[in-house]
Amino acid sequence: MATPKAKAAVCALTFGGLDPGGGAGILADIRAFSRAGVLGCAVVTTSTVQSTSGMRSARAVDTSEVEAQAREVLRVQRIGALKTGALGSTANVRALARLAGKHSDLPLVVDTVMLPTRGSARLLESAGMKALRDELLPRATLATVNVPEAEALSGLRVTRLSEAEEAAKKLLKTGAYAVLVKGGHLTGKRATDLLVCENGETVELTKDRLELGPTHGTGCTLASLIAGRLARDGAPARNFDALIDALKWAKRVHHEALEEARDVGGDLRVLFV
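Fair warning: this is a prediction, and the values are worked out from it, not measured in the lab.

## Structural notes on helix α2 (residues 63–76)
The terminal C-alpha atoms of α2, which comprises 14 residues, lie 20 Å apart, in line with the 20 Å expected from a rise of 1.5 Å per residue. Within α2 the residues assigned to the buried category are T63, V66, A70, V73 and L74. Each buried residue of α2 sits inside an arc of 105° when the element is viewed along its axis, so together they form one side. The outward face of α2, more than 90 degrees from its buried face, is lined by the exposed residues R71, R75 and V76. Its buried side turned inward, α2 meets β1 (11–18), β2 (39–51), β4 (79–84) and α3 (90–102).

Structure below.
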């Protein structure tokens, strides 16, 4: 008897840090991809020593190994979207920019991770910020930035929504298709994430601000929910309707997970999506 043909499935590929505690980095990405309905694949770019009490150290993986991991997965598997997180070194940023250029048909979500939620170790060296802004962001379908990251990359002060819009518009000039400035670091009873797109559209996504204890992996999870949904839907790299659909779905799932953030030991809660 012939073996039944397996049903085809789509994958999403993340590039990021390995968090042994499981709260953030590629392990959070994999959970989010699964929730979005795709198989999660991961290239380790940064090795860390951390737990839900914070990061002790981080070490960038050699660029040749990063490239070899990526080439093998992209050669064989049905990848529908790419997502980047903590890249660890300028060389890794540049390698990912080159790879994204070769796969420009795939949606790319760039989560501009620089520092951990807690701990003094950097997840991207200072020199890597320029490469991130000038070489990787131009390839992005969507860049997700929190307020400190928006300030660091744009050089602008961000204390209110109007300033977030100005920072996003400045980052759009890099060539990114869309920029999402997350409103968690701003003040007010409601938290507003602001999306600014190349086509001139500006969209506010507002939720009631939650009273949370210290939580970790929130940015990784949101960016990966978006990337996973784009992969599942077979979205083109630059399509506004597909991006908005993925973003609205991801925001709903993410908010529900924040409401149910779990204590797994240590000081930082984690999201189960």
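Now, onward.
## A word on the packing of aromatic side chains
Tallied over the full model, the rule gives 0 aromatic pairs. Taking the ring centre of F272 as reference, the NZ or CZ of R262 above it sits at 4.7 Å.

## Section: the packing of helix α5 (residues 147–154) against helix α6 (residues 161–172)
Viewed as axis vectors pointing N to C, α5 and α6 meet at an angle of 50°, and their least axial separation amounts to 10 Å. Relative to α6, α5 is oriented oblique. Regarding α5 and α6, the two cross each other, and that crossing is left-handed. Within the contact between the two elements, α5 uses A150, L153 and S154 and α6 uses A167, K170 and L171. Considering only residue class, the contact of α5 with α6 consists of 4 nonpolar, 1 polar and 1 charged.

## So, the sheet that holds β2
Reading across from one edge, β3-β2-β1-β4-β5-β6-β7-β8-β9 is the order of the 9 strands in this open sheet, with mixed pairing throughout. Strands with a single pairing partner mark the edges of an open sheet, and in this sheet they are β3 (54–60) and β9 (202–208). Sheet twist, expressed as the mean angle between neighbouring strand axes with direction ignored, is 20°. Relative to strand β7 (residues 178–181), strand β6 (residues 142–145) is paired through 3 bridges, and the arrangement is parallel.

## Observations regarding the nonpolar core
Among the nonpolar cores identified, the biggest contains 46 residues, and L13, F15, I79, L82, L136 and V179 are the most heavily contacted of them. In contact with L82, not counting residues within four places along its chain, are L13, F15, L74, L99, L106, P107, L108, V109 and A227. Counting residues in hydrophobic clusters, the runner-up holds 32 residues, among them L205, I226, L230 and V253.

## Quick notes on the packing of helix α7 (residues 218–232) against helix α8 (residues 240–259)
Interaxial distance between α7 and α8 falls to 8 Å at its minimum, and their mutual angle equals 140°. In terms of orientation, α7 and α8 fall into the oblique class. Between α7 and α8 lies a crossing whose hand is right-handed. Of the residues in α8, those touching α7 at T218, T221, L222, L225, I226, R229 and L230 are A242, L243, A246, L247, W249, A250, K251, V253, H254 and L258. Residue classes in the contact of α7 with α8 are distributed as 12 nonpolar, 3 polar and 2 charged.

## Observations concerning the pattern of salt bridges
On inspection of all chains with the given rule, the structure shows 14 salt bridges. One salt bridge connects E165 with K169, and the closest N-O pair in it is separated by 3.3 Å. Linking E165 with K169, this pair stays in helix α6, spanning 4 residues, or about one helical turn. Classification of K169 as partly exposed rests on a relative accessible area of 37%. R232 serves as the salt-bridge partner of D233, at 2.7 Å between the closest nitrogen and oxygen. Looking at R232, the relative accessible area reads 42%, which means it is partly exposed. Sharing partners across several salt bridges, the network here consists of K130, R133 and D134.

Reading guide: rules and limits
- Each residue is numbered by its place in its chain's sequence as written, counting from 1.
- Whole-chain, interface and lining totals are the exception, using all residues; otherwise, since this is a predicted model, local features are given only for residues with pLDDT of at least 70 and side-chain atom pairs are given and counted only at 80 or more.
- Side-chain numbers come from the whole structure's heavy atoms, not from hydrogens or water.
- Helix and strand assignments come from DSSP, with helices taken as H or I runs of at least 4 residues and strands as E runs of at least 2, each series counted from the N terminus.
- Here the expected span of a helix is defined as 1.5 Å times the quantity of residues minus one.
- Throughout, exposure labels follow a simple rule: accessible area from a 1.4 Å probe, protein chains only, divided by the maximum for the residue type, with under 20% read as buried, over 50% as exposed, and the rest as partly exposed.
- Arc definition: it is the arc formed by the directions from the helix axis to the C-beta atoms.
- Working rule for contacts: check all heavy atoms of both residues, and any pair within 4.5 Å makes them a contact.
- Stacked, tilted and edge-to-face are the three classes assigned to paired rings of Phe, Tyr and Trp, where Trp is represented by its six-membered ring and a pair needs centres within 6.5 Å; plane angles under 30 degrees give stacked, over 60 edge-to-face, the rest tilted.
- Working rule: Lys NZ or Arg CZ, within 6 Å of ring centre, within 35 degrees of ring normal, means a charge sits over the ring.
- The axes are straight lines fitted to the C-alpha atoms, using for helices just the contacting stretch, and the angles between their N-to-C directions are given from 0 to 180°.
- Working rule for angles: under 35 degrees goes down as roughly parallel, over 145 as roughly antiparallel, 65 to 115 as roughly perpendicular, anything else as oblique.
- Here is the rule for handedness: rotate from the far helix to the near one, and if that takes an anticlockwise turn smaller than a right angle the crossing is left-handed, while a clockwise turn gives right-handed.
- All residues other than Ala, Val, Leu, Ile, Met, Phe, Trp, Tyr, Cys, Pro, Asp, Glu, Lys and Arg, Gly among them, are scored as polar; the first ten of these are nonpolar and the last four charged.
- By definition, two strands form a pair when at least two bridges between them are found by DSSP.
- Working definition of a nonpolar core: buried Ala, Val, Leu, Ile, Met, Phe, Trp, Tyr and Cys residues. They are joined through side-chain atoms within 4.5 Å.
- Salt bridge criterion: a side-chain nitrogen from Lys or Arg within 4 Å of a carboxyl oxygen from Asp or Glu.

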